[in-house]
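Structural characterization, general
Spelled out, the chains give:
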Amino acid sequence: MTAYPLTWLYAPGDRPEVVAKALTRGADVVVVDLEDAVSPDRKAYARAATADLLADPPAVPVHVRVNAPDSPWGENDIAALAPAPGLSGLRLSKITSPADVTRVARRAAGAGLYALLETALAVEQAYAIAGAHPDLRGIALGEVDLRTDLGVRDDSGLDWSRSRVIVAARAAGLPPPPQSIHPDIRDLDGLATSCAHGRALGFLGRAAIHPRQLPVIERAYLPTDAEIEQAETVLKAAAAEQGAQALPGGRFIDAAVVTAARRTLSLARRR
């Protein structure tokens, strides 16, 4: 898997044929969903089908969104899937505290964990959750549930929560989180606009619920030609002269700017 996954494609765990197609669509990570996408009467089937899928490592990294740890299905999901040879990560729904993460970590046999923060309480504890356990590899917002919890109607009402989670992840030494899903799979222009806003906030990549969303997300998060050129200029100047300096055009650069330029060029290699 690339060091900078940009696309995370969800597929319902009780639809193995859909999961199989998702694995061929070019996403960096496929997320098999055992929670919201699966009705209660099909939870056991979805778990068994996912265990079969992960008996051998798939060609694409696969994460599984398990049911909430305190739900009737969460314990069984973790017990069945954490040891699976093909599992790349467990995405933990409805996490509200560091204790939720540590309880799962004790049962998950060293699996990489990713906490989904879907309530106001979880957002308030974002930094504590992000540092709860060494096996936690990332945090992200679940904006559909959070929107309901906050009673937010306008999308901008989530920006404070988004920024808080981004800062918490970075403060805890975790990668920048991916954006939450864009629920309208036909609104590709709206998706592109939303991705541009998310990128400006500090997200890196985005979850998708349909393959047609993947190219839009990747384009939005890959560096532009102008950004690549600027990054190359910064690195060339830094190689010629150490320390803080100003470029011919007047832009001031220092070590932090050089680090950002290196990240830009690392992402650009995907193009």
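Predicted, not measured: the structure shown is a model, and the values here were computed from it. (Residues numbered from 1 in each chain as written. Predicted model: local features only at pLDDT ≥ 70, side-chain atom pairs only at ≥ 80, totals over all residues. Heavy atoms only, no water.)

**Points about the nonpolar core**
Side chains of nonpolar character tend, in soluble globular proteins, to be buried together. Quick reminder of the rule: By nonpolar core is meant a set of buried Ala, Val, Leu, Ile, Met, Phe, Trp, Tyr and Cys residues that side-chain atoms within 4.5 Å join together. Per-residue accessibility, obtained with a 1.4 Å probe over protein chains only, is compared with the maximum for each type, and a residue is labelled buried under 20%, exposed over 50%, and partly exposed between these values. Only runs of H or I of at least four residues qualify as helices and only runs of E of at least two qualify as strands under DSSP, and these elements are numbered from the N terminus. Whether two residues are in contact is decided by their heavy atoms, any of which lying within 4.5 Å being enough.
Core analysis: the biggest nonpolar cluster contains 62 residues, and V64, L90, L113, L117 and I139 have the highest contact counts within it. The dominant element in this core, judged by the number of residues it contributes, is helix α10 (residues 214-221), at five residues. Here V64 is in contact with V32, L34, T50, L54, L81, L87, G89, L90 and R91, once residues within four sequence places are set aside.

**Notes on the sheet that holds strand β1 (residues 7-12)**
Worth spelling out the cut-off: Paired strands, as defined in this entry, are two strands with at least two bridges between them according to DSSP. Here an angle of 0 to 180 degrees is reported between the N-to-C directions of two axes, which are lines fitted to C-alpha atoms, with helices fitted over the stretch in contact.
An order of β6-β5-β4-β3-β2-β1-β7 is seen for the seven strands of this open sheet, with the pairing classed as parallel. Each edge of the open sheet is held by one strand with a lone partner, namely β6 (136-141) and β7 (206-208). Across the sheet, the mean angle separating the axes of adjacent strands is 25° when strand polarity is ignored. Two strands pair when backbone bridges link them, and strand β4 (residues 87-95) and strand β5 (residues 113-117) are joined in this way by four bridges, in the parallel orientation. By the bridge assignment, L90 is partnered in β5 with L113.

**Quick notes on the pairing of β6**
The buried fraction of β6 amounts to five of the six residues, a majority that puts the element mostly inside the structure. Where β5 lies against β6, five bridges are found, and the strand directions are parallel. Among the inter-strand pairings, A115 is bridged to a residue of β6, identified as I139.

**Observations concerning unusual backbone geometry**
Unlike most non-glycine residues, K94 shows phi in positive territory, near 60°. For A109, which is not a glycine, the phi torsion comes out positive at approximately 55°. Judged by relative accessible area, A109 falls into the exposed class, the value being 63%.

**Side note on α10**
Heads up, the condition is: Taking the helix axis as origin, the arc is that swept by the directions to the C-beta atoms.
Buried within α10 are the following residues: L214, V216, I217, A220 and Y221. Looking down the long axis of α10, one finds its buried residues gathered within 165° of arc, a one-sided arrangement. Residues of α10 that are buried sit in contact with β1, α9 (188-201), β7 and α12 (255-268).

**Observations concerning the pattern of salt bridges**
Filter applied, for reference: Basic side-chain nitrogens of Lys or Arg form a salt bridge, by our definition, when they fall within 4 Å of a carboxyl oxygen of Asp or Glu.
Evaluated as defined, the whole model comprises 16 salt bridges. Notably, a salt bridge pairs D77 with R47, separated by 2.7 Å at the nearest N-O pair. Taken as a pair, D77 in helix α3 (residues 74-81) and R47 in helix α2 (residues 43-53) lie far apart in primary sequence, 30 residues in all. There is no split in this pair, since D77 and R47 are both buried. In this structure, a network of salt bridges that share partners links the residues D33, E35, D36, R65, K94, E118 and D145.

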